[in-house]
Protein chains: 2
Amino acid sequence: MDEMYMELAFKEAEKAFNILEVPVGAIVVHNGKVIATGYNMRETTKDPTAHAEIIAIKKASEYLGGWRLLDCTMYVTLEPCPMCAGAILNSRIDRLVIGTKDYKMGCCGTVVDLLHNNNFNHSVDTKFGVLETECREILKTFFKKLRQK
Amino acid sequence: MDEMYMELAFKEAEKAFNILEVPVGAIVVHNGKVIATGYNMRETTKDPTAHAEIIAIKKASEYLGGWRLLDCTMYVTLEPCPMCAGAILNSRIDRLVIGTKDYKMGCCGTVVDLLHNNNFNHSVDTKFGVLETECREILKTFFKKLRQK
């Protein structure tokens, strides 16, 4: 089941790839239904907050009509950065499924763990490694192409 | 000088207070000029990302025409949460001036320090305690009123 939803997040990452954005995609699922999707648009929008996760969280809040994304799971192809891990905490998302680790900025356990800190008022059930190879390889291909330019 | 700019951030916090939002305000200053302002609008917009800092960062990026807020200082009345500290990192803001500490969610040194982590590709010069009393008291007054309701 997680693989099926991650495929949808991966399709979002491909959309970012196709417009020369770092290929990261995310979706939000509520009671089995995909209620929001997003892909990285930082360069296109010139907005440092326009990561896949933030875009998907904003859309999911709009869909649910409130800022608390209760009973929601996010699927994201790359481990969230500090900003996005923080947005996931703030929105009270229950569960996070991650494609591949981010060894530079990952804040869900790899560099820092913001999602399991007893000081905060929320924690998030986190699963790594779903469709890991695809999620990692699209990033590798992207950065290889970028360096060749 | 920092006090003068923090007064402007505090005026933003007052706008939030007046519409029953947790009173936090932020401004972004570039070469001495205020290029963006923001106040917390989470309840009004029903958007978990609508914190003062995120709103100000988006406006500043629009103003500067790019996602890198180089040579910018942010003044914010309350220590940023994980999401906002992460957005400050992502936008490459140079300097952050904070009114009062957040002992629950503060990610600029109080609970976690995201702004001085050698693993990340950016760090932020951070100063605490400018107009601390005013910035703290408006929050205290707000939560006292909230509990009385």
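Keep in mind it's a predicted model, so treat the numbers as computed, not measured.

1. Let's talk about the relation of the copies chain B and chain A
Then, in step 1: For the match of chain B to chain A, the screw axis carries a shift of 0.0 Å, the RMSD comes to 0.0 Å, and the turn is 180 degrees. When the rotation and shift are considered jointly, the pair of chain copies conforms to a two-fold rotation axis. Closest approach to the rotation axis among the C-alpha atoms of chain B is made by methionine 83 of chain B, whose C-alpha sits 2.0 Å away.
Then, in step 2: Both copies share a contact surface, since 100% of the interface residues of chain B are interface residues in chain A too.

2. Describing the UniProt feature "domain: CMP/dCMP-type deaminase" (unreviewed entry) in chain A
Then, in step 1: UniProt feature "domain: CMP/dCMP-type deaminase" (unreviewed entry): in the numbering of this structure it lies at residues 1-125 of chain A.
Then, in step 2: A helix fraction of 34% and a strand fraction of 22% characterise residues 1-125 of chain A, whose end C-alpha atoms lie 16 Å from each other.

3. What to know about the nonpolar core
Generally speaking, a soluble globular protein has its nonpolar side chains buried in company with each other.
Then, in step 1: Membership of the largest hydrophobic core comes to 69 residues, with the highest contact counts inside it found for Met74, Leu96 and Leu114 of chain A together with Met74, Leu96 and Leu114 of chain B.
Then, in step 2: Once residues within four sequence positions are removed from consideration, leucine 96 of chain A is found in contact with Met74, Val76, Pro80, Ile88, Cys108, Leu115, Val124, Asp125, Thr126 and Lys127 of chain A.
Then, in step 3: In this structure, Phe10, Phe17, Tyr75 and Phe142 of chain B belong to the second largest nonpolar core, which totals 15 residues.

4. Here's the deal with the interface of chain B and chain A
Then, in step 1: Counting residues at the interface gives 32 residues for chain B, matched by 32 residues for chain A.
Then, in step 2: Across the chain B/chain A interface, buried area totals approximately 2600 Å², and carbon plus sulfur atoms make up 68% of it.
Then, in step 3: Broken down residue by residue, the surface that chain B buries against chain A is led by Pro48, Trp67 and Asn90 of chain B, which jointly contribute 23%.
Then, in step 4: Our count for the chain B to chain A interface comes out at 2 salt bridges.
Then, in step 5: Ionic pairing is found between aspartate 47 of chain B and lysine 58 of chain A, a salt bridge with its closest N-O pair at 2.6 Å.
Then, in step 6: Across the contact surface, chain B and chain A share 6 residue pairs in polar contact (both at pLDDT 80 or more).
Then, in step 7: Those elements that provide at least two residues to the side of chain B that touches chain A are α2 (42-45), α3 (52-64) and α4 (82-90) of chain B.
Then, in step 8: Counting residues per element, the side of chain B that touches chain A draws most heavily on α4 of chain B, which supplies 6 residues.
Then, in step 9: Residue composition of the side of chain B that touches chain A, grouped by class: 15 nonpolar, 11 polar and 6 charged.

5. Observations regarding the UniProt feature "active site" (unreviewed entry) in chain A
All names here are of chain A.
Then, in step 1: UniProt marks Glu53 with the feature "active site" (unreviewed entry), using the numbering shown here.
Then, in step 2: Its location among the elements puts glutamate 53 in helix α3 (residues 52-64).
Then, in step 3: Here glutamate 53 is in contact with Ala26, Met74, Val76, Leu78, Pro80 and Cys84, once residues within four sequence places are set aside.

6. Focus: the sheet that holds strand β2 (residues 33-39) of chain B
Residues and elements named next belong to chain B.
Then, in step 1: The strand order across the open sheet formed by 5 strands is β2-β1-β3-β4-β5, and the pairing between neighbours is mixed. In the strand order of this sheet, the two ends are held by β2 and β5 (125-127), each with one partner. With strand direction ignored, the average angle separating the axes of adjacent strands in the sheet is 15 degrees.
Then, in step 2: Relative to strand β3 (residues 72-78), strand β1 (residues 25-30) runs antiparallel, the two sharing 5 bridges. Within β3, the position partnered with isoleucine 27 by the bridge is tyrosine 75.

7. Let's talk about helix α4 (residues 82-90) of chain A
Then, in step 1: Where burial is concerned, most of α4 of chain A is hidden: 9 out of the 9 residues are buried.
Then, in step 2: Taken together, the buried positions of α4 of chain A are Pro82, Met83, Cys84, Ala85, Gly86, Ala87, Ile88, Leu89 and Asn90 of chain A.
Then, in step 3: Looking at the buried side of α4 of chain A, the elements it contacts are α3, β3 (72-78) and β4 (95-100) of chain A together with α4 of chain B.

8. Digging into helix α1 (residues 2-18) of chain B
Owing to its 3.6 residues per turn, the α-helix brings residues three or four apart onto one side.
Residues and elements named next belong to chain B.
Then, in step 1: Spanning 17 residues, α1 covers 24 Å between terminal C-alpha atoms, matching the ideal 24 Å at 1.5 Å per step.
Then, in step 2: All of the buried residues along α1 are Asp2, Tyr5, Met6, Ala9, Phe10, Glu12, Ala13, Ala16 and Phe17. Projection of α1 onto a plane perpendicular to its axis shows the buried side chains occupying an angular sector of 155 degrees, all on one side.
Then, in step 3: Residues of α1 that are buried make contact with β1, β2, β3, β4 (95-100), β5 and α5 (132-148).
Then, in step 4: Immediately downstream of α1, the backbone of leucine 20 shows phi near 65 degrees, a positive value.

9. Side note on the side chain of histidine 122 of chain B
Then, in step 1: Assignment of secondary structure puts histidine 122 of chain B in the loop between β4 and β5.
Then, in step 2: Engagement of the side chain of histidine 122 of chain B in a polar contact is seen with the backbone oxygen of isoleucine 93 of chain B, the distance being 2.8 Å.

10. Description of the confidence of the model for chain A
Then, in step 1: Chain-level statistics for chain A give a pLDDT mean of 97 and a share of 100% at 70 or above.
Then, in step 2: In the predicted complex, the global pTM is 0.97; the interface-specific ipTM is 0.97.

Rules used throughout
Residues numbered from 1 in each chain as written. Chains lettered and ligands numbered in written order. Predicted model: local features only at pLDDT ≥ 70, side-chain atom pairs only at ≥ 80, totals over all residues. Heavy atoms only, no water. Least-squares fit on C-alpha atoms with pLDDT ≥ 70 in both. Contact = heavy atoms within 4.5 Å. UniProt positions renumbered as here; feature names shortened; annotations may be inferred. Helix = DSSP H or I, 4+ residues; strand = E, 2+ residues; numbered from the N terminus. Core = buried A, V, L, I, M, F, W, Y, C linked by side-chain atoms within 4.5 Å. Buried < 20%, exposed > 50% of the residue type's maximum accessible area, 1.4 Å probe, protein only. Buried area = accessible area lost by both parts, 1.4 Å probe. Salt bridge = Lys/Arg side-chain N within 4 Å of Asp/Glu carboxyl O. Polar contact = N/O pair within 3.5 Å; in protein donor to acceptor, adjacent residues only side chain to side chain. Nonpolar A, V, L, I, M, F, W, Y, C, P; charged D, E, K, R; others polar. Pairing = 2+ DSSP bridges. Axes fitted to C-alpha atoms, helices over the stretch in contact; angles between N-to-C directions. Expected span 1.5 Å × (residues − 1). Arc of directions from axis to C-beta. pLDDT = per-residue confidence, 0-100.

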